[in-house]
Amino acid sequence: MFRLAWLRELIGEPANGRTMQPPELAGMRFAPGPVLIAYASQTGVAEDLAAAAREQLRGAGVTSRVADFEALDRAMLETASQALFLASTTYDGDPPEMANTFSRMTMAQPASLAHLRYGLLALGDHGYADFRAFGRALDAWLAASGAQAWFPRIEVDDEDAAALERWHAQVAALAATVAMQGDNSFPTERPA
Ligand SMILES: Cc1cc2nc3c(=O)[nH]c(=O)nc-3n(C[C@H](O)[C@H](O)[C@H](O)COP(=O)(O)O)c2cc1C
C-alpha cells in the first residue's frame, strides 16, 4: 500500500489519454538475474517509489528484489547486473539514517562495479542547503566504481511531478526492454 496517493496514478495507465514516451534503451543487453531496487529513505517517499518501481517491473513480467540501504552491501552490488537506486537526503545534506553505514563504510572507497548498469533517482528539496547531496554522492561513487548509468541521474525537487514522470518513463522503458529479452530471473532448476 503506497502512502502517497499520486503514486498509484503515476504507475497506472496515464490519465486523459496522454501517452508516455519511454526513452531509448534499444540495443542494450541485460544479463539474467533480478533487477535490484535499492532505496535510502528517511520519511518514506523513496521507499514508496521503490515499491512503485517494483510494481511497474512486475507488471511487465520482470523479476526484481527490493533492498533498503541498511541491508545493502558491497556483495549485493557485486552480484547484481542491473539496479535502480532511489536516494533521498536529510538533515544537513546527510544520507538517510538507514544509509549511514553504507555511506561511511562502503562508499569510503570505490568498489568493482564495471558489470553493473543502473538508474538513479535523487530526492531532495532546494530549500535545504545541500540539495540532493546524498543522491549526487551515490551517483559519483557508482561512476567511480565503474558502474554505468542507463540515463543521467534524475533529480526530484520536493516531489516534483515532471521529474517523477521522467523517472516513471525510464522505469517503464527498462521494464519493456528487459521483458523483450525474455525471463530475467535466474533458472531455479538445473536441467537433468
Ligand atoms: C528534516 C529534513 C531535512 C532535510 N534535509 C534535506 C537536505 O539537506 N537536502 C535536500 O536536498 N533535501 C532535504 N530534505 C528533503 C527530503 O530529501 C525530501 O523531502 C525527500 O523527498 C524525502 O524523501 P524520503 O521520504 O524518502 O526520505 C529534508 C527533509 C526533511 C524532512
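Everything numeric here is computed off the predicted structure, so don't read it as measured data.

Asker: Requested: an account of helix H6 (residues 161-180), with residues and values cited.
Answerer: In this model, H6 (20 residues) spans 28 Å end to end at C-alpha, consistent with the 28 Å of a helix rising 1.5 Å per residue. Among the residues of H6, Ala163, Leu164, Trp167, His168, Ala169, Gln170, Val171, Ala173, Leu174, Ala175, Thr177 and Val178 are the ones counted as buried. Two residues or fewer past H6, Gly182 is found with a positive phi of approximately 100°.

Asker: Got a sec to walk through the side chain of Ser145? Specific residues and values, please.
Answerer: Of note, Ser145 is situated in the loop between helix H5 (133-144) and strand S5 (148-149). Residue contacts for Ser145: discarding those within four places in its chain leaves Pro110, Ala111, Ser112, Leu113 and Ala114.

Asker: Run through the site of the ligand, naming residues and quoting values.
Answerer: Neighbouring the ligand are 19 residues; Ser41, Gln42, Thr43, Thr89 and Tyr91 lie closest to it. Gly44 places a main-chain nitrogen or oxygen 3.0 Å from an oxygen atom of the ligand. Contact between the ligand and Tyr91: an oxygen atom at 2.6 Å from a main-chain N or O atom of the residue. Going through the elements one at a time, helix H2 (45-59) and strand S4 (117-124) are the ones with two or more residues in the shell around the ligand. Of the residues in the shell around the ligand, the class split is 6 nonpolar, 9 polar and 4 charged.

Asker: Go over unusual backbone geometry with me, naming the residues and quoting the values.
Answerer: Positioned with a positive phi, Tyr91 is a non-glycine residue whose angle comes to about 45°. Here Tyr91 lies in the loop between strand S3 (82-88) and helix H4 (100-104). Taking the relative accessible area as the measure of exposure, Tyr91 reaches 52% and is therefore exposed. Despite not being glycine, Glu159 shows a phi value in the positive range, around 60°. The exposure class of Glu159 is partly exposed, given its relative accessible area of 33%.

Each value, and the rule that gives it
- Residues numbered from 1 in each chain as written.
- Predicted model: local features only at pLDDT ≥ 70, side-chain atom pairs only at ≥ 80, totals over all residues.
- Heavy atoms only, no water.
- Helix = DSSP H or I, 4+ residues; strand = E, 2+ residues; numbered from the N terminus.
- Expected span 1.5 Å × (residues − 1).
- Buried < 20%, exposed > 50% of the residue type's maximum accessible area, 1.4 Å probe, protein only.
- Contact = heavy atoms within 4.5 Å.
- Near = heavy atom within 4 Å.
- Polar contact = N/O pair within 3.5 Å; in protein donor to acceptor, adjacent residues only side chain to side chain.
- Nonpolar A, V, L, I, M, F, W, Y, C, P; charged D, E, K, R; others polar.

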